Amino acid sequence: AVLFYFIVGVFYFIHTARANSDQLSFTGEQLKLDGSWFFYWETLLTPDDSITQGVPVMLPQFWNKHPAFNPSLPSSGYGTYRTTVFADKDYEIGLEYYAPHSAQRIFVNTELVVQTGIVGVNEDSNESLWLPGTARAYLHAGINTITIQVSNYDHANGGIFGTPVIGLIDVMNRVREHQVITESFIIGAIFILGCFFIGLFLLWRRDFGFLYYGLFAVFFGIWYGNYGLHLMKVIVDMEWSFSIRLTYVSFYGFLGFMILYILDEYRSPLVSWVSKGAMIVFGLFILSVLVMPSEVFTSYITIAHVFGFVFAFFGLFLAGRGVFQKKRGSLLTIAGNISFLIAKFSLFGMYHGFLDRSAQLTAILYLSSFLLYAMVLAQRIGLAFTSAYRLQQETKSQKDEIESQANQLSRIDQFKSRFFANVSHDFRSPLTLVKGYLSGLRQEDNILTPKSNQMLEKAEKNVEQLVMLTDEIRDLISLDNDSFELKFSTVKATEFFRMNVGMFQSLAEQSRLKLQFESKLNDELEVVIDRYQMEKVIYNLLSNAIKFTPENGTVSVGLDKSSSSLQIIVRDSGIGISEDDLPHIFDRYFQGRSNEYRSKEGLGIGLAFVREIIDRHDGNIVVESTLGTGTIFKV
């Protein structure tokens, strides 16, 4: 702090020491009109008024902060600045002037060359306008008088904010064009950076550093557009009250979000509290701009600068500690913080008049900070892309391995299918013969006892099931070979399903189960199906339900209509299916994990066949199940 105020004092001493320098002389080279001025308080001198001795001042100078006045002058009021310039010959010049905090009129000799706003002797007659520019004027050989009238009733500081500069008109116009191009580039570049990182945050909302940086850049672009050459005011016609509030809100906004970005790089409980403090401080500054008069909230700018310095130095300390901890990006953050601090010091010096005004230099320093901080974020993005690339390569390797395993499993599956196809073909002929022999035996009268006849009937049914199983295997192979065709016909839905469910009544009674059938359909409602294949669907669903339901349980089949589709619901109170097995029950040859019913499991083709048949009917099948409670199939 001692060093800071010492530097400020040195600059101020050098600055004021030049106030009584020699006569300003113009010989065709650019001339900064910073010395040999006299100030006249509460006087609006015209070029025709005789020159009287005023208070010698150095520009830029706020009259309410000039040490020559004791007691100090108020910020509100009006006055005149006057100086003389010696020209060695006649010149057509360009006069570059900066925006006062209120209104001004500039005379070169007797010619009014600039008027921004309306200069008044009281608040009612004053009209503020904050706008810089370059005006055309003429110097004649010899002594020339430059008179600037200024009034202020809207800002905490009254007086001239920037030093006027004169030069040959062509040179000054080129300087102006260069300044416009430079500032336009800076504003555009920073806006693009801000929008880019805000877009990154919107795509990936886990890293608030992107958001803070983006908002920092956008607010800075708005502030700088209303500072320096005030390009935003040139493009958009703004009233003073809106313009001054927009400028200060964007200034406090970019300071606040910059601090949040710097602190976000080094997260810890202490940093979290400091970040919250920064949000509160700059939030209050912004609130004051929105609700208070301009002459009040403009007086807080020095306090805002002090807070900005404090938080920035804290961020510099964190970055320095990060270097020792070998945290990536800490050196870039240090460089960015130093550039930011120099820019803030430059802005602070220009505001208080001990440094020459150079908005472009300040903007370049801030832009350097932006670029250095962007490089830190670029490192973070680069690491993310590197990690993503590695993951992509690992995923590709795993994908290749999975495809290799899938091909191997496909070959195994094809082998299984050929094997079962051959087995089913070999089994079907003898099974058909056995079924014929059993049927013939049952037709013989007075040969078998009733008990033997009953046992023979059961054997015949089991043979029928084996024949149906071989048919399913054959049909599955046909589905794989695209040689399977459905034979559709129209049937009465309720009658068809009631008859097929009824065929399981005796099996349910033998298993001591309750079998129920309920239809919510009109008895005449018809449905288009392949009768033979749909019978196999009912057989598989009901046989599984009965097989895996304990004694005294319930199995039910319900019919309902949904839109133009038929819905079949098969519900049981059986053992249920585990969550691990549920996604795989329609896979071929899948068998669930061991349980007390494992001995009842088949080859794992029944439900696979059911799904294939339902798909060929343009339908779908879903299953819901809870272990120990039961299972529901919905077709």
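The structure contained in this document is the topic of the report that follows. (Residues numbered from 1 in each chain as written. Predicted model: local features only at pLDDT ≥ 70, side-chain atom pairs only at ≥ 80, totals over all residues. Heavy atoms only, no water.)

**A closer look at the overall build of the chain**
Each helix and strand counted, the chain has 15 helices and 20 strands in total. In the chain, which comprises 635 residues, the proportion classed as buried is 48%. Within the chain, contacts between residues separated by at least 24 positions form 74% of all contacts whose residues are at least 6 apart in sequence. Counting every atom, the chain has about 32800 Å² of accessible surface; 58% of that belongs to carbon and sulfur. (Helix = DSSP H or I, 4+ residues; strand = E, 2+ residues; numbered from the N terminus. Buried < 20%, exposed > 50% of the residue type's maximum accessible area, 1.4 Å probe, protein only. Contact = heavy atoms within 4.5 Å. Areas by Shrake-Rupley, 256 points an atom, 1.4 Å probe, with all protein chains shown as cover.)

**Quick notes on the packing of aromatic side chains**
Tallying each qualifying case throughout the model produces 37 aromatic pairs. Ring centres 4.9 Å apart and planes at 80° place the aromatic pair F26 and Y91 in the edge-to-face group. With F26 in strand β1 (residues 24–26) and Y91 in strand β7 (residues 91–97), the pair connects residues that are 65 residues apart, well separated along the chain. Assessed through its relative accessible area of 0%, F26 is described here as buried. Ring geometry for F220 against Y224: centres 6.0 Å apart, planes inclined by 10°, an arrangement best described as stacked. With F220 and Y224 both in helix α3 (residues 208–225) and four residues apart, the pair spans about one turn of that helix. Like F220, the residue Y224 is buried in the burial classification. The lysine or arginine in question, K276, covers the ring of W273, its NZ or CZ lying 4.9 Å from the ring centre. (Phe/Tyr/Trp six-rings, centres within 6.5 Å; stacked < 30°, edge-to-face > 60°. Lys NZ or Arg CZ within 6 Å of the ring centre and 35° of its normal.)

**Re α3**
Taking 1.5 Å per residue, 18 residues should reach 26 Å; α3 reaches 26 Å between its end C-alpha atoms and fits that length. Of all 18 residues in α3, 15 are buried; the element is thus mostly enclosed. (Expected span 1.5 Å × (residues − 1).)

**A look at the environment of H305**
Locating H305 in the fold gives a position in helix α8 (residues 301–324). As for H305 and K344, which are separated by 39 residues in sequence, their C-alpha atoms are 7.5 Å apart. Discounting residues that sit within four places of it in the chain, H305 has contacts with F251, K344, L347 and F348.

**Structural notes on the packing of helix α5 (residues 240–264) against α8**
Look at α5 against α8: their axes get within 9 Å of each other, and the N-to-C directions meet at 15°. When the interaxial angle is binned, α5 and α8 end up roughly parallel. For the crossing formed where α5 meets α8, the hand is left-handed. Contacts from Y248, F251, Y252, L255, I259, I262 and L263 in α5 reach I301, A304, H305, G308, F311, A312, F314, G315 and L318 in α8. (Axes fitted to C-alpha atoms, helices over the stretch in contact; angles between N-to-C directions. Parallel < 35°, antiparallel > 145°, perpendicular 65-115°, else oblique. Left-handed = near helix turned anticlockwise from the far one by under 90°.)

**Things to note about the sheet that holds strand β17 (residues 554–562)**
What the five strands build is an open sheet, ordered β15-β17-β18-β20-β19; its pairing is mixed. The open sheet terminates on both sides in strands that have one partner only, identified here as β15 (514–519) and β19 (622–626). On average, each strand axis in the sheet is tilted by 10° relative to the strand beside it, whichever way the strands run. Inspection of the sheet shows β19 paired to strand β20 (residues 630–634) by five bridges, in the antiparallel sense. Its bridge partner being in β20, V622 is matched across the sheet by K634. Strands β15, β17 and β18 (565–572) of the sheet are contacted by helix α12 (residues 493–502), whose axis makes an angle of about 175° with β15. (Pairing = 2+ DSSP bridges.)

**Examining the sheet that holds strand β2 (residues 31–32)**
Pairing is antiparallel in the open sheet, where four strands are placed in the order β2-β13-β7-β10. The open sheet terminates on both sides in strands that have one partner only, identified here as β2 and β10 (133–139). Across four bridges, β7 lies against strand β13 (residues 165–168) in antiparallel orientation. Within the sheet, the bridge partner assigned to E96 lies in β13 and is V165.

**Topic: the pattern of salt bridges**
When their charged atoms lie close together, side chains carrying opposite charge are able to pair. What the rule picks out here adds up to five salt bridges. For E92, the salt bridge is made with R136, and the minimal N-O distance between the two is 2.1 Å. Taken together, the positions of E92 in strand β7 and R136 in strand β10 put the pair 44 residues apart, joining distant regions of the chain. Residue R136 is classed as partly exposed on the basis of its relative accessible area, which comes to 45%. Between K634 and E624 there is a salt bridge whose closest N-O contact spans 3.6 Å. On the criterion of sequence distance, the pair formed by K634 in strand β20 and E624 in strand β19 is long-range, its members being ten residues apart. Overall, the relative accessible area of 42% leaves E624 in the partly exposed class. (Salt bridge = Lys/Arg side-chain N within 4 Å of Asp/Glu carboxyl O.)

**A short note on the nonpolar core**
Counting 71 residues, the largest nonpolar core has Y213, W223, Y366 and F370 as the members making the most contacts within it. When residues of this core are traced back to their parent elements, those giving at least two are α2 (169–203), α3, α5, α6 (269–291), α8, α9 (330–352) and α10 (359–443). A total of 14 residues in this core trace back to one element, the largest contributor, which is α5. Counting 39 residues, the second largest nonpolar core, distinct from the first, contains F504, A508, F609 and V623. (Core = buried A, V, L, I, M, F, W, Y, C linked by side-chain atoms within 4.5 Å.)

**Remarks on the packing of α3 against α5**
At a minimum axis separation of 8 Å, α3 and α5 run at an interaxial angle of 155°. The angle between α3 and α5 places the two elements in the roughly antiparallel class. Crossing of α3 against α5: the hand is left-handed. Between α3 and α5, the contacting residues are F208, G209, Y212, Y213, L215, F216, F219, F220, I222 and W223 on the first element and L246, T247, V249, S250, F251, G253, F254, F257, M258, L260, Y261 and D264 on the second. Of the residues contributing to the contact of α3 with α5, the split by class is 17 nonpolar, four polar and one charged. (Nonpolar A, V, L, I, M, F, W, Y, C, P; charged D, E, K, R; others polar.)

**Considering unusual backbone geometry**
Trans is the common state for peptide bonds, and a negative phi is the common state for residues other than glycine. With an omega of 0°, the peptide bond between L59 and P60 qualifies as cis. If you trace the backbone, P60 turns up in the loop between β4 (55–57) and β5 (61–62). Phi is positive for N552, close to 70°, though the residue is something other than glycine. Along the polypeptide, N552 turns up in the loop between α14 (531–547) and β17.

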